[in-house]
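In case you want the letters, here they are:
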Amino acid sequence: MRVVLLGGTSEIGLAILSALRLGADAEVILAGRDPQRLEGAGKSLNRPVTVVRYDAVDTDAHQAFVDEICAGGVPDLIIAATGILIPQERAEQDVRLAATMIETNFTGHVTALLAFGEAMRRRGSGTIVVLSSIAAVRPRKFNSVYGATKAALDAFARGYADSLHGTGVRVLLVRPGFVKGRMTEGMQAAPLATTPEKVGAAVAGALRGQGRGDGKSVIWVPSSLVGLATVMKLIPRPVWRTLKN
Ligand SMILES: NC(=O)c1ccc[n+]([C@@H]2O[C@H](COP(=O)([O-])OP(=O)(O)OC[C@H]3O[C@@H](n4cnc5c(N)ncnc54)[C@H](OP(=O)(O)O)[C@@H]3O)[C@@H](O)[C@H]2O)c1
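What comes next is a walk through the structure.

Thresholds, definitions, all that
Residues numbered from 1 in each chain as written. Predicted model: local features only at pLDDT ≥ 70, side-chain atom pairs only at ≥ 80, totals over all residues. Heavy atoms only, no water. Helix = DSSP H or I, 4+ residues; strand = E, 2+ residues; numbered from the N terminus. Rg over C-alpha atoms; globule rule 2.2 N^0.38 Å. Contact = heavy atoms within 4.5 Å. Areas by Shrake-Rupley, 256 points an atom, 1.4 Å probe, with all protein chains shown as cover. Lys, Arg positive; Asp, Glu negative; His and termini not counted. Charge placed at Lys NZ, Arg CZ, Asp CG, Glu CD. Phe/Tyr/Trp six-rings, centres within 6.5 Å; stacked < 30°, edge-to-face > 60°. Buried < 20%, exposed > 50% of the residue type's maximum accessible area, 1.4 Å probe, protein only. Polar contact = N/O pair within 3.5 Å; in protein donor to acceptor, adjacent residues only side chain to side chain. Pairing = 2+ DSSP bridges. Axes fitted to C-alpha atoms, helices over the stretch in contact; angles between N-to-C directions. Near = heavy atom within 4 Å.

Description of the overall build of the protein
Working step 1: When you go through the protein residue by residue, the secondary structure sums to 9 helices and 7 strands.
Working step 2: Taken over the C-alpha trace, the protein has a radius of gyration of 17 Å; the compact-globule value for 245 residues is 18 Å, and the two agree within 12%.
Working step 3: If you line up the protein on its principal axes, its C-alpha atoms span 55 × 40 × 35 Å.
Working step 4: Sequence separation of at least 24 residues holds for 68% of the intrachain contacts in the protein that already meet a minimum separation of 6.
Working step 5: As displayed, the protein has an accessible area near 12,200 Å², and 54% of this comes from carbon and sulfur atoms.
Working step 6: Counting 29 positive and 21 negative side-chain charges, the protein places the centres of these two groups 10 Å from one another.

Below, the structure is given as structure tokens:
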């Protein structure tokens, strides 16, 4: 089995890899910007890993990056976990940061996943895990740029999953709520907050065909988040815009 984690230092991505309990013969490729931190992430997994350079915003290089990986064998599993959360005020003060967030959280996923997906489609098998978010359901005034990137990624993943339907390639769309970790450090936890480990366990269960995510193309973590998402969609906009959190 060949597994690629895009965003090789991602806490959620690494938790998914740990929860998968891959066999010793599985090849794990951690792709990211900083080889030293990727090596460190590999050590935390307690298994040999291959480290490769990958920059989500360097979209011109993505086809060549994917071709190089696929030359050694088309991966069986891609976990797309790159992402940044730049506070809204900073994005408003420096609009280049907003562009970087859009490229990292959306554009770079589209280019890399289309290239991997095409290789998997040709082979007739493979799985792509996409990290969306509860933020995709209804962006708030506090996170309109981040929320829009996740909504766009979520929409792409659903459409692309339909395009790959019947080819042997599966897309698993994961919608976690607030995950306590590096990305959300210093932020007030939202209702139904979860942990990278819980997201990892839910994804591993869905991929193994166990539990609530069995055979599904979308999972929420925690699963009760789907109820909150429904309520969020129903709140009238004049009320929605006054909500503090
Ligand atoms: N944490 C949450 O509350 C939460 C909730 C729902 C969804 N999500 C989503 O889940 C995914 C993983 O989040 P996480 O909590 O695991 O965050 P994380 O630990 O901060 O991981 C983010 C990853 O993205 C990588 N990255 C950022 N910019 C990159 C670039 N230009 N090129 C390559 N890699 C880049 C980071 O690499 P570096 O080490 O180089 O920075 C890191 O590996 C993200 O898509 C996030 O939006 C998170």
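Following the structure, the description resumes.
A word on the packing of aromatic side chains
The description of two aromatic rings rests on the distance between their centres and on the angle between their planes.
Working step 1: Within this structure, the stated rule accounts for 3 aromatic pairs.
Working step 2: For the pair Y54 and F65, a centre-to-centre distance of 4.8 Å together with 35 degrees between the ring planes defines the contact as tilted. Of the two residues, Y54 sits in the loop between β3 (50-53) and α3 (62-71) while F65 sits in helix α3, which places them 11 residues apart along the sequence. For the pair shown, Y54 and F65 are each scored as buried.
Working step 3: Geometrically, the ring pair formed by F65 and F116 is edge-to-face, given 6.2 Å between the ring centres and 85 degrees between the ring planes. You can see F65 sitting in helix α3 and its partner F116 sitting in helix α5 (residues 95-123), a full 51 residues away along the chain.

Considering the side chain of R2
Working step 1: Along the chain, R2 turns up in strand β1 (residues 2-6).
Working step 2: Assessed through its relative accessible area of 12%, R2 is described here as buried.
Working step 3: Among the polar contacts made by the side chain of R2, one reaches the main-chain carbonyl oxygen of I69 at a distance of 2.7 Å.
Working step 4: Non-local contacts of R2, meaning those with residues more than four positions away in its chain, are made with E27, I29, I69, G72, G73, V74, P75, D76 and L77.

Considering unusual backbone geometry
Working step 1: The peptide bond linking V221 to P222 adopts the cis configuration, its omega dihedral lying at 0 degrees.
Working step 2: One non-glycine residue, R21, lies in positive phi territory at about 45 degrees.
Working step 3: Structurally, the position occupied by R21 is in the loop between α1 (11-20) and β2 (27-32).

Some words on the sheet that holds strand β7 (residues 218-221)
Working step 1: Spatially, the 7 strands line up as an open sheet ordered β3-β2-β1-β4-β5-β6-β7, and their pairing is parallel. One side of each edge strand has no neighbouring strand; the edge strands of this open sheet are β3 and β7. On average, each strand axis in the sheet is tilted by 20 degrees relative to the strand beside it, whichever way the strands run.
Working step 2: As judged from the 5 bridges shared by β1 and β2, these two strands associate in the parallel manner. Paired with V3 across the bridge in β2 is V28.

What to know about the site of the ligand
Working step 1: Taken together, 28 residues are adjacent to the ligand, and T9, S10, R37, Y146 and R182 come closest.
Working step 2: The backbone of V179 places a nitrogen or oxygen atom 2.8 Å from an oxygen atom of the ligand.
Working step 3: Contact with the protein chains covers 93% of the free accessible surface of the ligand, which is 900 Å².
Working step 4: Elements that contribute at least two residues to the shell around the ligand include exactly α1 and α6 (144-164).

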